[in-house]
Amino acid sequence: MNEAPEASEALLPRPPSPLAEATDGRFAEHGVRLLLKRDDLVHPELAGNKWRKLAPNLRAAVAGGYPRLATFGGAYSNHLRATAAAGRLLGLETVGIVRGDELAGRPLNESLARCAADGMRLHFVSRARYRLKADPAALPGLLEAAGADGAYVVPEGGSNALALHGCAELGRELRGACDVAAVACGTGGTLAGLSAGLGAGQRAVGVPVVGGGFLEAEIRSLQAAAFGGPAGDWSLAEGFAHGGYARVPEALEVFAADFESRHGLPVERIYVAKLLWALLALTRAGAFPRGSTVAAVVTGRP
Ligand SMILES: *Cc1c(COP(=O)(O)O)cnc(C)c1O
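Rules used in this analysis
- Residues numbered from 1 in each chain as written.
- Predicted model: local features only at pLDDT ≥ 70, side-chain atom pairs only at ≥ 80, totals over all residues.
- Heavy atoms only, no water.
- Near = heavy atom within 4 Å.
- Polar contact = N/O pair within 3.5 Å; in protein donor to acceptor, adjacent residues only side chain to side chain.
- Areas by Shrake-Rupley, 256 points an atom, 1.4 Å probe, with all protein chains shown as cover.
- Helix = DSSP H or I, 4+ residues; strand = E, 2+ residues; numbered from the N terminus.
- pLDDT = per-residue confidence, 0-100.
- Contact = heavy atoms within 4.5 Å.
- Pairing = 2+ DSSP bridges.
- Phe/Tyr/Trp six-rings, centres within 6.5 Å; stacked < 30°, edge-to-face > 60°.
- Buried < 20%, exposed > 50% of the residue type's maximum accessible area, 1.4 Å probe, protein only.
- Lys NZ or Arg CZ within 6 Å of the ring centre and 35° of its normal.

## What about the site of the ligand?
And step 1. Near the ligand, the surroundings consist of 16 residues, among which Lys50, Lys53, Thr187, Thr190 and Thr299 are the closest.
And step 2. At 2.7 Å, a side-chain N or O of lysine 53 approaches an oxygen atom of the ligand.
And step 3. In this structure, threonine 187 approaches the ligand through a side-chain N or O atom, which is 2.6 Å from an oxygen atom.
And step 4. When the ligand is considered free in solution it has 390 Å² of accessible area, and contact with the protein chains removes 98% of it.
And step 5. Those elements that place two or more of their residues in the shell around the ligand are helix 3 (49–63), strand 7 (180–185) and helix 9 (189–197).

## A few points about the confidence of the model for the protein chain
And step 1. Here the protein chain averages 93 in pLDDT, and 96% of its residues register 70 or above.
And step 2. The model gives residues 1–5 a pLDDT under 50, and that stretch makes 15 contacts with residues more than four places away or in other chains.

## Description of the side chain of asparagine 49
And step 1. Tracing the backbone through its elements, the reader meets asparagine 49 in helix 3.
And step 2. If sequence neighbours within four positions are ignored, asparagine 49 has contacts with Thr190 and Thr299.

## Notes on the pairing of strand 5 (residues 121–125)
And step 1. Bridge count for strand 4 (residues 93–99) against strand 5 is five bridges, and the pairing is parallel. Counted as the bridge partner of arginine 99 is valine 125 from strand 5.

## Considerations on the packing of aromatic side chains
And step 1. Tallied over the full model, the rule gives five aromatic pairs.
And step 2. Arranged with centres 6.1 Å apart and planes meeting at 70°, the rings of tyrosine 245 and tyrosine 271 form a pair that is edge-to-face. Of this pair, tyrosine 245 sits in the loop between strand 9 (234–236) and helix 11 (250–263) while tyrosine 271 sits in the loop between helix 11 and helix 12 (272–284), and the two are 26 residues apart along the sequence.
And step 3. For tyrosine 245, a relative accessible area of 40% corresponds to the partly exposed category.
And step 4. Judged by centre distance (5.6 Å) and plane angle (70°), the rings of phenylalanine 255 and tryptophan 277 are edge-to-face. With phenylalanine 255 in helix 11 and tryptophan 277 in helix 12, the pair connects residues that are 22 residues apart, well separated along the chain.
And step 5. For phenylalanine 255, a relative accessible area of 10% corresponds to the buried category.
And step 6. Residue classification places tryptophan 277 among the partly exposed positions, given a relative accessible area of 26%.
And step 7. Cluster of aromatic residues (ring-pair linked, three or more members): Phe255, Phe259 and Trp277.
And step 8. Directly above the aromatic system of tyrosine 271 lies the positively charged group of lysine 50, at a separation of 5.4 Å from the ring centroid.
And step 9. Across the ring face of tyrosine 130, the terminal group of arginine 99 is positioned such that the distance to the ring centre comes to 5.3 Å.

Spelled out as structure tokens, the structure:
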């Protein structure tokens, strides 16, 4: 099962991802230059930040001789999809522990069907059991019930200390290229790593796609685990969740479709559309001084 680490290297992302200017009058009229950091192109098969976060974990799993990867997610989790695809490419077994036992025995949605097609074994658990993933004493029992004993465990959303180091690389790629690097936030792991990698005088802005805030504390604790303390200059721009996770109101849909036609960029709706919307709103509100260059990290594709 386990390939040599060198063999696996070829399957990992090949950074840096492209950085392209998006000429857009709506930003230009406020003196703001918009760049698109195309992390959706970081790997031909596997797009975006999930893959960046997974890469160091995959190296650790292969180097440690683990027979399988286990991870957690909801029924539409991009992280589960990325893990399943990574397992296929690296020849590692994958087990996905999925929130919601009512899903068991029903036809799989498109996202979970892709996981299964990539060889991921799906194990559905109740919401109460799913929460045990955060309890170190209960985790082994949960893994065993899922047939995932001895697995290398990647947390929900993929955000652990190694993942932050993978995302710091994204920040380093942006050194000298922008004043502000902006990214959509789910767990906040990408922002936490990105900001650590930026250079002096650069700052990171995170746009939460879910309302109502434990994110700041979460990011601080992720940074403490990965870097031993606070790292980089970052802040959150709240108020752009558009009603909650995976909600795409009509106005956001119209905005995203328009952005696609202006820039030829496939706009992922759950995260990237909310980021781009927020950047335009912030630009119009004067949040970026004239002459600023803002790089939007395109963390995934539709
Ligand atoms: C998961 C995801 C994010 C959020 O990343 P976090 O590190 O959890 O904040 C952003 N964009 C896309 C496309 C994602 O799939």
